Amino acid sequence: MRLHQLTVTAFGPFASTERIDFDRLTASGLFLLRGATGAGKSSVLDAVCYALYGELPGSRKSNGVRSDHADQGRRTEVVLEATLGGRRLEITRSPEQLRPKKRGAGFTQDKAQTLLREWAADAGEGEPGWVAVSKSHQEAGEELTRLLGMSRDQFCQVVLLPQGDFARFLRADSKQRAELLGKLFDTSRFEQLERWAAERRLRQEHEVQAGRQKLRDLAARAEEAAGPLAEDAAAHRPDENASASDVLAWAAMLRGTAAERVTATALALEAAESARTRARAHLDAQRTLADRQHHYHSALDKHLQLTATDQESAADRSRLRLALAAETLAPLRSLHRSALAAHTAATATESTHTATLNTRSAAPWAAQLLGELPLAAAERALHTEATRLSGARADEQRHAQLLIERGELAAEQKQADDLAEESQDWLSGFDDQLKQLNADLDAARDAHALLAQLDAQHVDLTLRQDAAHRHHRLLSSLTAAEAEVHALTGAALDARSRTLDLQERRLAGMAAELAAQLAAGEPCRVCGSPEHPNPARPSADQVTAADEQRARAAQHAAEGELDAAKRRLSTLQADTAAAETASGGRSVAELSLALEELNSSRRTALHTAERLVPLGQQVERLEHERKARHERLRQAGERGAVLADRLGTVAAELDALAGRIAAARGDAPSVAARATAVDALAAAVTAVLDAARTTTETTRRLAEATDALEQAAADAGFTDLPALAAAELPAHQRDALQRRFEQLDAALEQATARLADPDLRAAAELPPADTASAHAAEEHATAVLRTADTAHGTATARVTALARITADLTALADAFAPVLDAYARISRLAALLAGAPAENALRMRLESYVLAARLEQVAAAASQRLLKMSGGRYTLVHSDGLVSGNKRSGLSLHVVDAWTGRERDTATLSGGESFFASLALALGLADVVTDEAGGMPLDTLFIDEGFGTLDENTLEEVMDVLDSLRERDRAVGIVSHVADLRTRIPAQLLVRKHRHGSTTHHTTRDDT
């Protein structure tokens, strides 16, 4: 990785745009970043990290990169040009930030942006240039991380080389070193392996516990299945921690006892089944005999009842025979009734139509038209007249339509004239109306422009009013704070006087305090004499050391409260002055009055400006209405001419139709009325003719039906038609009688057949059956059998259950053995990986073991440079020896002193020695991390501070080591305040801080 150019805008302390040419700085291989404290030297490194990773070093948030000195309209941006993995790239990043709105007041949020471009020999049309690679935060970040080969934490530790962190690393314990090394080297897979082993051990332990629980459950099931038999083997029952083989032996004992019980119950069950079979056969025989005897006596009683019923039904049988004979003549009787009904109806219809015809033919015009014509001739004459009137009816309908049309045309002509007159009146006032609207529109535009000015003034006055309110409030707080400071000053002085007074009083009574410590025979601490003839006595108000300490504590507390009150007073004074300045020296009342006047003006302007859009719309609508009115005026004129022409044509046609209609209607009110009357008279004549023909036909059919029915009744044995009608029965009565006698005949036949059954006759001749005693014997035999069957089933179920449980125990024992073996292996492995003392003598976790190997590589690489920096005196070595207490070992770091030949802790190094030792450690760690990242070359390194602790000779040695880095084609940037480095390093980047933001300058030697 080699940096070429960095451009920062509104970033950190840099308010404007600053460009840093790393190609110029790194031309000699070594360059210096210098400047006053807080100028922004480290911000240059922050910008490099932000461009590459989109984040600042450490735990700082990326949304805090914007400069507080920058103008609101200037966008924060970092552009870095660098060569990564042989590709020259340009990375542009901007954080999420607020910017002023382009229209109106306020701010809007700009999203974060990332742009990754690459320099190409052919960027289009054969010319070299930048080609866009990605605009996605995620894609650009993944590509840069892939090319760098290290994470942000690794980059900050390896490329930026923060000396403070490595000095802490040099003196840290194993846990702290593990945290840092874990960030730089990806050992998560080893931590995952430890976690996997622990989780696997826990799962295996759960499986073992579950297996033991299953074993206990199966033993309990075996005991439950054995029932009372388990009491005989209770002495051999295994305990809860018994092995699977012990439980299997006990279950086999229970299964043998249960098998013997099955054999005994099987013999008892066989004897009970034989006894119950004999009892059931005897019961069945008695039940069969009783059933046959009952059936015989029932059949005999039924036969006697049916014979008596048949004798009583002789009259009903005769009545049924006559009804059946009458039923055969039902079709002829139905035909006779239909013919009679049709004849009656035809006669009535003919009478009705004849009366209607007489009524309609009484009119004079009808008598004149028909005269003495027969009905058939009259029908023809009426149809001829109806045909003639149909043509006249069409003329009459056309005449009515034309009258309606003439009325509609006249109304439409009047409407067209009114519309033309209305449009003409509206157009005459158009110019005045348009002129007034334009004047109102100009006034609204002026008010809209004034409104923006008033809004700006309103914001300024509001801010000044808020400042005036704040100033008023702060004045009250300031008065209270001054009073508090005055009171606390007096309290502090009183406390100080109290302390001084107690000190003087204690000194005055010090002799009594010393005398209280004297003991007989022991020398005095003042004079040395072992005799104490007249020791001083304490006074009533003797001051002790505790009294003095309490007074001094009270003094310190009072002075602390006074200092805090003074700080609060100073803050209030500054805030009050700032609020007075912000208010412009005007009072709240003045500003409120000015705001009220401004609001009044603004409401007036707003009321006028709100009409801007509606007035514009009214002007547009007025112009549109003018065009529409002109068009209506033209259309009304054209339509009036067309309507006048049509009215003349309609009047001529109406006159012609009126003559023809008058001739056709005669004395009738209309042609339609004359035609309706003629049609009705023709229909009446036709109806009388049709009714006469129907009456003749029905008379003939009635005579034929009467002759046929009389002949059939005589053939069936009936004397006349009334006798035939008397024999007829309703269908439901006839069917009921027929079903009754059919059922009676069938029942008689069935009763006779049952009485003739030889089995029933033989049973009737035997003594009555005794089923009660046979049933009691069968129930006793069944109860004995049920008891024997239950005992045998219980014994068999126990054997089956015990066999199934034994099989489950066998399967569990086979499956449980490898589980126990696996649990033993995984337990030892998990303990070994976790560094448990029982399995790991060094108490070193797997992740610590891997990190220890990395630390050993780092110590070897660092020692090469440390030997040179220390003049061959010091080397760094890694130690995996045991540490005290319960701490884990494996990450200890010692320094070997060649002058003494002894190995000692790195914490014993002096300040300067710690610096170059930590620098050597940082450079060695950079080499190891670089190799870990795939050998990605790091052509640019930064070293941040620490050179001020070195003496001249040591500084010379360190500079030689840094010069050796240039031999590997590396550029090293040193961030330092040390003045001696300005003369040693020609290429320099000076960062100056100013009130309005820092700036950068490329200098040489001591140029400023």
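Residues numbered from 1 in each chain as written. Predicted model: local features only at pLDDT ≥ 70, side-chain atom pairs only at ≥ 80, totals over all residues. Heavy atoms only, no water.

Enquirer: Lay out the overall build of the chain in plain terms, naming residues and giving numbers.
Expert: Counting secondary structure elements, the chain contains 27 helices and 16 strands. Among the 1008 residues that make up the chain, the fraction classed as buried is 36%. In the chain, once contacts between residues fewer than 6 apart in sequence are set aside, the share between residues at least 24 apart is 74%. (Helix = DSSP H or I, 4+ residues; strand = E, 2+ residues; numbered from the N terminus. Buried < 20%, exposed > 50% of the residue type's maximum accessible area, 1.4 Å probe, protein only. Contact = heavy atoms within 4.5 Å.)

Enquirer: For the packing of aromatic side chains, give the residues involved together with the corresponding values.
Expert: In total, this model carries three aromatic pairs according to the counting rule given. Seen from their ring centres, F11 and Y50 are 6.1 Å apart, and the 40 degrees between their planes marks the pair as tilted. Here the residue F11 occupies a position in strand β1 (residues 2-11), and Y50 occupies one in helix α2 (residues 41-53), the gap between them amounting to 39 residues. Take Y50: its relative accessible area is 4%, and that puts it in the buried class. (Phe/Tyr/Trp six-rings, centres within 6.5 Å; stacked < 30°, edge-to-face > 60°.)

Enquirer: Report on the nonpolar core, specifying residues and quantitative values.
Expert: With 42 residues, the main nonpolar core has L6, F22 and L52 as its most contacted residues. Those residues within four positions of L52 in sequence are excluded, and the remaining contacts are M1, L80, L84, I91, R93, L144, L148 and F155. If you look at the next biggest cluster of nonpolar residues, it comprises 32 residues, including A852, L855, V858 and Y874. (Core = buried A, V, L, I, M, F, W, Y, C linked by side-chain atoms within 4.5 Å.)

Enquirer: I'd like to hear about the sheet that holds strand β9 (residues 129-134), residue by residue, with values.
Expert: A sheet is described by the order of its strands in space; here six strands give the open sequence β2-β1-β4-β5-β8-β9, paired in antiparallel fashion. Bordering the open sheet on either side are β2 (14-21) and β9, each of which pairs with just one other strand. Within this sheet the neighbouring strands show an average axis-to-axis angle of 20 degrees, counted without direction. The pairing of strand β8 (residues 113-120) with β9 spans five bridges and is antiparallel. Across the sheet, the residue bridging to W119 is W130, located in β9. Here α2 sits on the sheet in contact with β1, β2, β4 (77-84) and β5 (87-94), set at roughly 100 degrees to β1. Where helix α3 (residues 137-148) meets the sheet, it contacts β4, β5, β8 and β9, and its direction lies at approximately 140 degrees from that of β5. (Pairing = 2+ DSSP bridges. Axes fitted to C-alpha atoms, helices over the stretch in contact; angles between N-to-C directions.)

Enquirer: Tell me about the sheet that holds strand β12 (residues 902-905), and please be specific about residues and values.
Expert: Strand order across the open sheet formed by three strands is β10-β11-β12, with antiparallel pairing between neighbours. Taken across any chain shown, the strands that pair with only one partner, and hence form the sheet edges, are β10 (874-879) and β12. Adjacent strand axes in the sheet meet at a mean angle of 40 degrees, parallel and antiparallel pairs treated alike. Where strand β11 (residues 892-897) meets β12, four bridges bridge the pair, whose relative direction is antiparallel. Within β12, the residue paired with V896 across the bridge is E903.

Enquirer: Any chance you could break down the side chain of K41 for me, citing the residues and the numbers?
Expert: Relative to the helices and strands, K41 is located in helix α2. Residue K41 is classed as buried on the basis of its relative accessible area of 7%. One polar contact links the side chain of K41 to the main-chain carbonyl oxygen of G35, over a distance of 3.2 Å. A polar contact is formed between the side chain of K41 and the backbone oxygen of A36, at a distance of 3.4 Å. (Polar contact = N/O pair within 3.5 Å; in protein donor to acceptor, adjacent residues only side chain to side chain.)

Enquirer: Before we move on, can you summarise helix α17 (residues 588-609) with the specific residues and values?
Expert: In a regular helix each residue adds 1.5 Å, so 22 residues correspond to 32 Å; α17 covers 30 Å between its end C-alpha atoms and thus fits that length. L591, A594, L595, L598, A605 and A609 are the residues of α17 that are buried. The arc that holds the buried residues of α17, viewed along the axis, is 100 degrees, so those residues lie on one side. Those residues of α17 that are exposed and aimed more than 90 degrees away from the buried face are A589, E596, R603, T604 and H607. (Expected span 1.5 Å × (residues − 1). Arc of directions from axis to C-beta.)

Enquirer: Give a detailed account of the packing of α2 against α3, specifying residues and quantitative values.
Expert: At a closest axis distance of 8 Å, the pairing of α2 and α3 adopts a crossing angle of 115 degrees. With respect to α3, the element α2 is oriented roughly perpendicular. Counted together, A51, L52 and Y53 of α2 and L144, T145 and L148 of α3 form the full contact between these two elements. Classifying every residue of the contact of α2 with α3 by side-chain character gives five nonpolar, one polar and no charged. (Parallel < 35°, antiparallel > 145°, perpendicular 65-115°, else oblique. Nonpolar A, V, L, I, M, F, W, Y, C, P; charged D, E, K, R; others polar.)

Enquirer: How would you sum up a nonpolar patch on the surface? Please name residues and give values.
Expert: Together, L193, W196 and L829 make up a nonpolar patch on the protein surface, roughly 250 Å² of accessible area in all. With respect to the element layout, L829 can be found in helix α23 (residues 771-834). Note on L829: relative accessible area 35%, which makes it partly exposed. (Patch = residues over 30% accessible without salt bridge, like charges linked within 9 Å, V, L, I, M, F, W, Y side chains within 5 Å. Areas by Shrake-Rupley, 256 points an atom, 1.4 Å probe, with all protein chains shown as cover. Salt bridge = Lys/Arg side-chain N within 4 Å of Asp/Glu carboxyl O.)

Enquirer: Before we move on, could you go through the side chain of E90 and cite the residues and values that matter?
Expert: Mapped onto the elements of the fold, E90 is located in strand β5. Given a relative accessible area of 12%, E90 falls into the buried group. Those residues within four positions of E90 in sequence are excluded, and the remaining contacts are V79, L80, E81, L115, L116, R117 and W130.

Enquirer: Break down the environment of T108 for me, citing the residues and quoting the values.
Expert: Mapped onto the secondary structure, T108 falls in strand β7 (residues 107-110). In the structure, T108 is positioned 10 residues away from L98 in sequence and 5.6 Å away in space, judged by C-alpha atoms.

Enquirer: Go over the packing of helix α10 (residues 314-328) against helix α21 (residues 731-755) with me, naming the residues and quoting the values.
Expert: Two numbers describe how α10 lies on α21: the axes approach to 10 Å, and their chain directions differ by 130 degrees. Put simply, α10 runs oblique to α21. Every pair of crossing elements has a handedness; the one defined by α10 and α21 is left-handed. Within the contact between the two elements, α10 uses D316, R317, L320, A323, L324 and E327 and α21 uses R734, L737, Q738, R740, F741, L744 and D745. Grouping the constituent residues of the contact of α10 with α21 by class yields six nonpolar, one polar and six charged. (Left-handed = near helix turned anticlockwise from the far one by under 90°.)

Enquirer: Just give me the short version of the environment of V972, but keep the residues and values in it.
Expert: Counting through the fold element by element, V972 comes out in strand β14 (residues 971-975). Expressed as a C-alpha distance, the spacing of V972 and T940, which sit 32 residues apart in the sequence, is 5.8 Å.

Enquirer: Give me the lowdown on the pairing of β2, citing residues and values where you can.
Expert: The pairing of β1 with β2 spans six bridges and is antiparallel. Bridge pairing in β2 links Q5 to D21. Here β1 folds back onto β2 in antiparallel fashion, the turn holding two residues, of which G12 has a positive phi close to 55 degrees.

Enquirer: Residues and numbers for the pairing of strand β15 (residues 987-992), please.
Expert: Taking burial as the measure, the six residues of β15 include five buried ones, the bulk of the element. Where strand β3 (residues 30-35) lies against β15, five bridges are found, and the strand directions are parallel. Within β15, the residue paired with R34 across the bridge is L990. Here β15 runs beside strand β16 (residues 999-1004); their pairing, made up of six bridges, is antiparallel.

Enquirer: Hey, could you go over the pattern of salt bridges for me, with residue numbers and the actual values?
Expert: Inspection of the entire model under this criterion finds 18 salt bridges. In this structure, E81 engages R88 in a salt bridge whose closest nitrogen and oxygen atoms are separated by 2.5 Å. The shortest N-O distance in the salt bridge between R87 and E118 comes to 2.9 Å. Remark: E118 occurs in strand β8 and R87 occurs in strand β5; sequence separation between them is 31 residues. Here the residues in one salt-bridge network are R87, E118, E143 and R146, joined through shared partners.

Enquirer: Let's hear about unusual backbone geometry: which residues, and what values?
Expert: One non-glycine residue, A10, lies in positive phi territory at about 50 degrees. The residue A10 is located in strand β1 in this model. Its relative accessible area of 0% is what places A10 among the buried residues.

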